[in-house]
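# What the coordinates show
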Amino acid sequence: MNTPQLRRAVVHLCALTAAVGVAWSLPLAQLGCTHFKEPCHLSNEVTLFSDPGLDGLSGTLLEGPDGGTILRFITYKTASADAGAEASDVADAGAGASGLGGFGTVSLSSPIPSQVDIVLSAVTPGAFIRKTFGAPMELQARAGSTTDIAATYTGQAVLFSWVEQSTHTDANGLVHNGAALRYAVSNGGASLPAALARGCDGCTIHATAIATHGATFLFYSGVQEGKSKPFGGVVRMDPPGVTVEHIPVPSWFISPAVPPRLSLSNGKLLARLSTGSYVVRDDLALQIGPFVPKGSAVAFVYGDGDPYGAWLETPGTSASSDGGAVFGDLGFDDLGSSGGQDLMLGRYSAGGTATRISTASNVLGVVRGEGTFGVAFASGVREYFALTGADGEKVGGDVDIGGTLATSLEAGGGRRVMRSVHGPATFSIVGLSGSALLSREVTCD
C-alpha cells in the first residue's frame, strides 16, 4: 500500500475507532489521530426571488449573455389536439431535442408559447427585474407541425425561433416532407415580423440558438432527401436582435448535421467537441482550447483567472495521483459500483493538474474562491458540496446540502455555483424550485 493510501486507511481507522468508542483500544494519539473539524458546513438556505404570479409556469435557471443569472418562465397556449402532451407534461423540458435547454434555449415539439418572462438581477443587490416578451404572432398562429421552438434571451430582447414542418403530395401520390426555419425578435409586448432563415422541400431541419455578450447565433442543420451530404448555416445577430449576416457552419463542427454542445461562461461561447471544450470568438473561430478531457457531465469556467473545470469520469481512468478513494467521499466503501463516477477537478495553468475529489452522478457547478475551489454535485436524490485547495487537493469531506431542487439536473443547467455575498469564505449553490430562486449557503473556515 502506497503512502497516500496508508494515510487514508489510518484516517478511516481513526474514524471507526472513535465511532464505536472501544474502551480497550489504543489512545487515538498513538494512532496518529488528532481531533478533526470539517472545514465546511451548510450555513443557511435563503430565498433570493419568488413571484406567485409565475407559479405553475415552465421555469429554467440560466447563465445570461453577460455571465449573470437569469430566470426564464414560459407561458404556453392551450395544447393543440396533435401536440401529444398537455403543457404540464413539458414543464421541465428545458433540455429538449437540441440538448441545449440549460444554456439559453428551450426546444419543444409542442405546445406553442404565448409569452416569455425573463427575471434578472437589478443594480440594487437582492433586487430583481421582471420583463415580459410576447411571442410573435406567426408562431402563436401555429396549431401543430412545429418543432425546435426556442426562446433565447439576448441581453436586450428575446429571440424566438421555430421549424415549420409541411408535406405535399405529387399528382402520382408521392409524398414530400418540407421544412422552414423562421425567427423573430420580441422587444416586449410585440415582436418584429418573422424572417425565414432557411426553407427547403424534401428535407428536415433542426435548429438551436444561443446568445453571448456580443452576439446571438441561430445554428441550423438539415438533410435533403436523396442527398448524402447534410447542409447547415448560422444566422448571426447583434444583442438587439438585428441580423448581421448568414454564414456557413464553422469548419470545427463535426458535421453540419451534428452541431456540438454549446454553453456560456462569463459571456463567452464554449463549444464542447470530442477533444474537449473550446472558447469560441464571436466570428465563430476557435479562440483557445481544448480544456477538460472526455467525460459525461462537464462544468467548465473561462474568464475567472486561469480556466478550470469539473467533470465526471469512469472509475479507473482518473488522473489522481494514486487512484485511491479519499476518506469522506461519497461511495468510499462502494467505489466502482454503478452508483457514480469519479468527480474530477482540472486547472489549466502552468503546472495545472487534474485531481479526483469525490464520487458523483452529476456535476452541478464549480467556482473559484479565495485560494480554493468549490464544487457542487449530485449523487442520487441528494446534492453535495466539496472544497479543494488552490492545488486541487480536497479539504475535508463531502457536505450534504439537501435534496434535489428540481427534476431536471442536466449538466451545466438548472444550477449555478457562485461566491456568496454573505461572506468571503461562503459559497452559494443556486437553484430554481417552482417560481422560487433558492440559495444554499456553504460556509468554510
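Before reading on, note that the structure itself is shown above.
Structure report, in brief.

Procedures and definitions
Residues numbered from 1 in each chain as written. Predicted model: local features only at pLDDT ≥ 70, side-chain atom pairs only at ≥ 80, totals over all residues. Heavy atoms only, no water. Pairing = 2+ DSSP bridges. Helix = DSSP H or I, 4+ residues; strand = E, 2+ residues; numbered from the N terminus. Axes fitted to C-alpha atoms, helices over the stretch in contact; angles between N-to-C directions. Salt bridge = Lys/Arg side-chain N within 4 Å of Asp/Glu carboxyl O. Buried < 20%, exposed > 50% of the residue type's maximum accessible area, 1.4 Å probe, protein only. Core = buried A, V, L, I, M, F, W, Y, C linked by side-chain atoms within 4.5 Å. Phe/Tyr/Trp six-rings, centres within 6.5 Å; stacked < 30°, edge-to-face > 60°. Lys NZ or Arg CZ within 6 Å of the ring centre and 35° of its normal. Disulfide = S-S within 2.5 Å. Polar contact = N/O pair within 3.5 Å; in protein donor to acceptor, adjacent residues only side chain to side chain.

## Quick look at the sheet that holds strand β19 (residues 308-313)
Within the open sheet, the four strands sit side by side as β18-β19-β20-β21. Their pairing is antiparallel. This sheet does not close on itself; its edge strands, each paired only once, are β18 (298-301) and β21 (354-360). Within the sheet, the average angular offset between the axes of one strand and its neighbour, ignoring direction, is 20°. Bridge count for β18 against β19 is four bridges, and the pairing is antiparallel.

## Topic: the pattern of salt bridges
Oppositely charged side chains are able to pair whenever their charged atoms sit close together. As enumerated under the stated definition, the model contains 15 salt bridges in all. Residue Asp304 is joined to Arg368 by a salt bridge in which the shortest nitrogen-to-oxygen separation is 4.0 Å. Of the two residues, Asp304 is situated in the loop between β18 and β19 and Arg368 in strand β22 (residues 362-368); the sequence distance between them amounts to 64 residues. When its relative accessible area of 28% is taken as the criterion, Asp304 is described as partly exposed. Here Arg368 falls in the partly exposed class, since its relative accessible area comes to 23%.

## Description of the pairing of strand β17 (residues 286-291)
The pairing of strand β16 (residues 276-280) with β17 spans three bridges and is classified as antiparallel. Each bridged residue has a counterpart across the sheet, and for Ser277 the counterpart in β17 is Phe291. With antiparallel pairing between neighbouring strands as the criterion, β16 and β17 make up a hairpin whose turn holds five residues, including Leu284 at a positive phi of roughly 70°.

## Concerning the nonpolar core
Ranked by size, the top nonpolar core spans 31 residues in total, and within it Leu343, Val366 and Phe385 carry the most contacts. If you tally residues by element for this core, the top one is strand β23 (residues 372-379), at five residues.

## Remarks on the packing of aromatic side chains
Taken as a whole and judged by the stated rule, the model has eleven aromatic pairs. Measuring from ring centre to ring centre gives 5.7 Å for Phe219 and Phe253, while their planes differ by 25°; the resulting arrangement is stacked. Linking Phe219 in strand β11 (residues 216-224) with Phe253 in the loop between β13 (243-247) and β14 (261-265), this pair joins segments that are 34 residues apart in sequence. Centroid distance Phe300 to Tyr348: 6.5 Å. Interplanar angle 75°. Geometry classified as edge-to-face. One end of the pair, Phe300, is in strand β18; the other, Tyr348, is in the loop between β20 (341-347) and β21, and 48 residues separate them in sequence. Accessibility expressed as a relative area gives 9% for Phe300, which makes it buried. The side chain of Arg198 reaches across the aromatic face of Phe231, ending 4.1 Å from its centre.

## A few points about the state of the cysteines
For the structure on display, the rule yields two disulfides. Here Cys40 pairs with Cys444 through a disulfide, and the sulfurs are 2.1 Å apart. Taking the sign of the torsion about the S-S bond as the criterion, the disulfide between Cys40 and Cys444, at about 105°, is right-handed. Remark: Cys444 occurs in strand β28 (residues 436-444) and Cys40 occurs in strand β1 (residues 40-49); sequence separation between them is 404 residues.

## Some remarks on the sheet that holds β11
Strands in a sheet are paired, the pairing made by backbone hydrogen bonds, and the direction either parallel or antiparallel. Strand order in this open sheet of four strands is β10-β11-β12-β13, and the pairing throughout is antiparallel. The two strands at the open ends of the sheet, each matched to only one other strand, are β10 (203-211) and β13. When the angles between neighbouring strand axes are averaged without regard to direction, this sheet yields 15°. In the sheet, strand β12 (residues 231-237) pairs with β13 via four bridges, with the strands oriented antiparallel. Each residue of the ladder has a partner; that of Val235, found in β13, is His246.

## Some words on unusual backbone geometry
Note the cis peptide between Gly289 and Pro290, where omega equals 5°. Here Pro290 shows up in strand β17. For Asp148, which is not glycine, the phi torsion reads 50° and is therefore positive. As for its placement among the helices and strands, Asp148 is situated in strand β6 (residues 146-153).

## Overview of the side chain of Thr426
Note on placement: Thr426 falls in strand β27 (residues 426-433). A relative accessible area of 6% means that Thr426 is categorised as buried. A polar side-chain atom of Thr426 sits 3.3 Å from a polar atom in the side chain of Thr443.

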